[in-house]
Each structure stands twice: as structure tokens, then as C-alpha cells.
There are 2 protein chains.
Amino acid sequence: MMEQVAAASRKRGPYAKTKATRAAILDAALDVFARGGYRAGSIRDIATAVGMSEAGLLHHFPTKSALLEAVLEHRDERSREVLGDDAEPLATLAGLVELARYNASVPGVVALYCTLSAEATAPEHPAHEYFVRRYTETVGILERAFDGCREQGRLREGTSAASAARQAVAVMDGLQVQWLLDPEGVDMAAELDRFLREVVEFD
Amino acid sequence: MMEQVAAASRKRGPYAKTKATRAAILDAALDVFARGGYRAGSIRDIATAVGMSEAGLLHHFPTKSALLEAVLEHRDERSREVLGDDAEPLATLAGLVELARYNASVPGVVALYCTLSAEATAPEHPAHEYFVRRYTETVGILERAFDGCREQGRLREGTSAASAARQAVAVMDGLQVQWLLDPEGVDMAAELDRFLREVVEFD
């Protein structure tokens, strides 16, 4: 990993090096937090995983909670690609199912996310603002998608786009806990797909 | 609280006293865990709250995890009353909405429950077996209720009772996180009710 950082540095100068180092730290932090949880994960373990000193790591992320927030933002880049705001409504909903399918390949990340989102409902938690913002954003994207479905005559009559959006996010979150408790018995993507087909006509 | 314990003891002998003491401990433990989380809550705080020594408390619950499991079982008595297994299908579903309404009056308990259920997806967590069992039981009760709705011609055509059950539990769990993050913006009971009315015809 540090060789990649060095190569990036030679090619593109100090800014690229910083960027590559930050990305390497975030990958390692996600891994450490996903294995043992945020509270138990230490800056030292993360620094060791990327071959840095603790002081070196803290130069990039001054506190553990700053690191946590950056890990979450980093991870969300994938969600944003999938749920791109200007996509066709049906593409956005299909992207949500795709994301559920991807999540089934990273149980540690899903477990971390479930625990953190619950812990972070406490206003004093370092990730509280992040989760408030993220839920507002996600529900908003889905509400626009369901509104788009209504304009296309695809939304079930009497269904509110705002409710469908809240429910879709809730189904996705709630299924994660059920799936973590019973990975063989629950198919998150199939179940979410069935939920969406109850309220939207896909074809 | 200890006066109640003493009164119960005088009236009904040592067995009643033990039962009343256990109930007092469980109420205090729920309160302590709900305020600061399970990890941070200490046996000493709980013992102090009921006017006992730590040793006295440990006589009733030998470990913190045994206490946690008992707290959860204690709390579930209410859910079981509401979701009684032999109720009419519509009464069971209405009971679920009623439970969501009750939950909105105890945010600390809801937050504890969300965090614990997520933490406890790890197989080594002391409450893991409890949550596996509880989800199997709850999904089973709801599946029977939706099956009953189908027999009464109330279930939406093409909807599977098993899926509806998983989705209803997921909606309920997922809405809790959204509500804790935005108590003014989310009405858990109303949203759950809307979800149920999408799949079941109530009248």
C-alpha cells in the first residue's frame, strides 16, 4: 500500500501523495472499525496497518472522530454514484437494490453502519451531524425519484412520495439487522425489490 | 421502591419479595442502560438506584450480560401482550402500530434497543441469541397475521405473507433510527400504519 502511495507521489507531486495517503488511511480505518467496532478500534491499529506512526496519522486526521466522519464520507461516494441525483427515477430505485446487493458482500461494513447509525442518534455523538445530514439527503433523493415515478404514472395511486421514500430507507436499514442475524434466511436485495414493486410499476 | 418490595414481602412471603426485587432491579437497569448505553452502564449504578449493594444485586443476576438479557425479556412482555399470538389478524397489526406509538414516548429505550440489536448481530455478543430468537418470533407472529389477512381476502394480491412480515419489522426498526435523528419530522406510528394499509385492506 505504501508503495502505491510512493508511486503516486513520484507521478503527481505532493498533493497526489497526500490524497493517496488519506485514501489508504481511510481504507485501513474502515477495515479496523468494521472488524471490532468504532469504540474498540484504535488509531494505533490503523496507523500500523498503513505503516505509519500514530503522529503521522494524526497529521492527516487530528482525532478519532474526524477519522470516523471521513471514513463514512469516503464510503458514501459509492452510494452517491449509485443513487445519482439526476438519474431516471427507475434507475435510482434500481440503484438502491443494487446497493443492497453490494452490501451483502461486506457484512462487517454493514454491521459497523448499523451500530454507528444507532449510537449516533445521541446528539453528542461525533457522527450525529453526519447521520442527520445523510438521512435527509437520502430520503430527499428517493422522494424525488418517487415523485418522478408519479409523473410517469408509475406510482401506486394514493401513495405519497415522501412516505414511500421514508419507508424505502427504513426497509433497507431494517433488513440489514435481520440479514446480519440470519444471513441465510434473508435476501436484502430481493426483499427491497419486492417492497419497491408494491408501490411502483416498473414495466 | 424498596418500600414496595418490603410491603410485597410482608404480604406474600419470600417468593413475592424476590420477584418484586428482581422487577425493581430490571426497571433500574433499563433506565441506566437507556441513559448511557449498555457498555457504559455499570452494575454499581444500578445497585445504587435500587438501594442495594453490588453483591446483593449479583445474587439475583450473576453477570451484567445476564442482567441485560433479563431487561430485554422484561421489556418484551409488553410487546407480547400487544402482539398476542391468537389475536385476530387485524388486531395484531393494529397492536404493532400501537407499539410504535408507545415507543415514541420512551426514546431512551428505543435508542438502547436500536444500538443493542445492531451490536448483537455479532455472534459473540451476550444478547446475540436473544435477538436471533426475538426476530424469528416476531416475524413468525406477523407472518401468521398476514396469512390470516389473506384468508379473509384482505391481503393485497400477489403479496407474500412472509415478505410482508419481514418488511413490516424492517419498516418499524428503520423508522426508529429516522425518528431518533429527527423526532419532529417522523411519525413512526402513522408511517407504519400507511405501510400496512398498502398491503392490507382494513375495511
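Along each chain, the written sequence defines residue order, and numbers are assigned to residues from 1. Chains carry letters and ligands carry numbers; both start at the beginning, A for chains and 1 for ligands, and go up in the order they are written. pLDDT decides what is reported in this predicted model: residues at 70 or higher carry local features, side-chain atom pairs at 80 or more are listed and counted, and totals for whole chains, interfaces and linings draw on all residues regardless. The side-chain numbers reported here are obtained from all heavy atoms of the structure, hydrogens and water having been left aside.

### Focus on helix H6 (residues 107-119) of chain A
Residues and elements named next belong to chain A. Our working definition: The helix count covers DSSP runs of H or I at least four residues long, the strand count covers runs of E at least two residues long, and both are numbered beginning at the N terminus. An expected span of 1.5 Å times one less than the residue number is assigned to each helix. Buried residues are those whose accessible area, probed at 1.4 Å on protein chains only, stays under 20% of the maximum for their type, while exposed residues exceed 50% and partly exposed ones sit between those limits.
The terminal C-alpha atoms of H6 lie 18 Å apart, and with 13 residues this matches the ideal 18 Å at 1.5 Å per residue to within 8%. Of all the 13 residues making up H6, 10 are buried; the element is thus mostly covered by neighbouring parts of the structure. Those residues of H6 not exposed but buried are Val109, Val110, Leu112, Tyr113, Cys114, Thr115, Leu116, Ser117, Ala118 and Glu119.

### Considering the packing of aromatic side chains
Residue and element names in this part refer to chain A. Rule in force here: Think of it this way: a Phe, Tyr or Trp ring, Trp meaning its six-membered ring, pairs with another when their centres are within 6.5 Å, and the plane angle makes it stacked under 30 degrees, edge-to-face over 60, tilted otherwise. Either the NZ atom of lysine or the CZ atom of arginine qualifies as a charge over a ring when it sits within 6 Å of the ring centre and within 35 degrees of the ring normal.
Taken as a whole, this structure holds five aromatic pairs over all chains when the rule is applied. Aromatic side chains Tyr113 and Phe131 sit 5.4 Å apart centroid to centroid with 70° between the ring planes, which places their arrangement in the edge-to-face category. Pair noted here: Tyr113 is in helix H6 and Phe131 is in helix H7 (residues 128-151), with a separation of 18 residues, a long-range link. Phe131 shares its class with Tyr113; the two are buried. Sitting above the plane of the Phe202 ring, Arg197 keeps its charged end 4.5 Å from the centroid.

### A look at the packing of H7 of chain A against helix H8 (residues 161-181) of chain A
All names here are of chain A. The condition is simple: Whenever a helix is involved, its axis is fitted only over the stretch in contact; in every case the axis is a line through C-alpha atoms, and angles between N-to-C directions fall within 0 to 180 degrees. Roughly parallel means an angle under 35 degrees; roughly antiparallel, over 145; roughly perpendicular, 65 to 115; everything else is oblique. Handedness of a helix crossing follows the sense of rotation of the near helix relative to the far helix, less than a right angle counterclockwise being left-handed and clockwise being right-handed. Two residues form a contact once any of their heavy atoms are found within 4.5 Å. When residues are sorted by character, Ala, Val, Leu, Ile, Met, Phe, Trp, Tyr, Cys and Pro go into the nonpolar class, Asp, Glu, Lys and Arg into the charged class, and all the rest, Gly among them, into the polar class.
Two elements in contact, H7 and H8, have axes whose closest approach is 8 Å; the angle formed by their N-to-C orientations is 125°. Judged on the interaxial angle alone, H8 and H7 are oblique. Note on packing geometry: the crossing formed by H7 with H8 is right-handed. Here Tyr135, Thr138, Val139, Leu142, Glu143, Phe146, Asp147 and Arg150 of H7 lie close against H8, whose contacting residues are Ala161, Ala162, Ala164, Ala165, Arg166, Ala168, Val169 and Asp173. The residue makeup of the contact of H7 with H8, split by class, is 10 nonpolar, one polar and five charged.

### What about the confidence of the model for chain A?
All names here are of chain A. What counts, and what does not: For every residue, the predictor states its confidence as a pLDDT score lying anywhere from 0 to 100.
For chain A, per-residue confidence averages 87 on the pLDDT scale, and 89% of positions sit at 70 or higher. H8 holds the highest mean pLDDT among the elements of chain A, 97, whereas helix H1 (residues 2-36) holds the lowest, 73. Note on residues 1-6: pLDDT is under 50 here. Beyond four places in sequence and across chains, it has seven contacts.

### A closer look at the interface of chain B and chain A
Let me state the cut-off plainly: Buried area: the accessible surface (1.4 Å probe) lost by two parts on joining, summed over both. Any carboxyl oxygen of Asp or Glu within 4 Å of a side-chain nitrogen of Lys or Arg constitutes a salt bridge here. Pairs of N or O atoms within 3.5 Å make up the polar contacts considered here, provided that, within protein, one atom can donate a hydrogen while the other can accept it, and that residues adjacent in sequence are counted only when both atoms are side-chain atoms.
Each partner contributes residues to the interface: chain B has 37 residues there, and chain A has 37 residues. Both sides together, the interface formed by chain B and chain A hides about 3000 Å², and carbon and sulfur atoms give 57% of it. There are four salt bridges connecting chain B and chain A. With a shortest N-O distance of 3.8 Å, Arg166 of chain B and Asp182 of chain A are connected by a salt bridge. Our count for the contact surface shared by chain B and chain A stands at 12 residue pairs in polar contact (both at pLDDT 80 or more). Those elements that place two or more of their residues in the side of chain B that touches chain A are helix H6 (107-119), helix H7 (128-151), helix H8 (161-181) and helix H9 (188-199) of chain B. The leading source of residues in the side of chain B that touches chain A is H8 of chain B, at 13 residues. Taken together, the residues that form the side of chain B that touches chain A break down as 18 nonpolar, 10 polar and nine charged.

### Focus on the relation of the copies chain B and chain A
To keep things clear, this is the line we draw: Fitting of the copies onto one another was done by least squares over C-alpha atoms, counting residues only where both copies have pLDDT of at least 70.
Its rotation angle being 180°, the transformation that places chain B on chain A also includes 0.0 Å of axial translation and leaves an RMSD of 0.0 Å. Those values place the two copies in the arrangement expected of a two-fold rotation axis. Counting the interface residues of chain B, we find that 100% of their copies in chain A are interface residues as well, pointing to one common contact surface.

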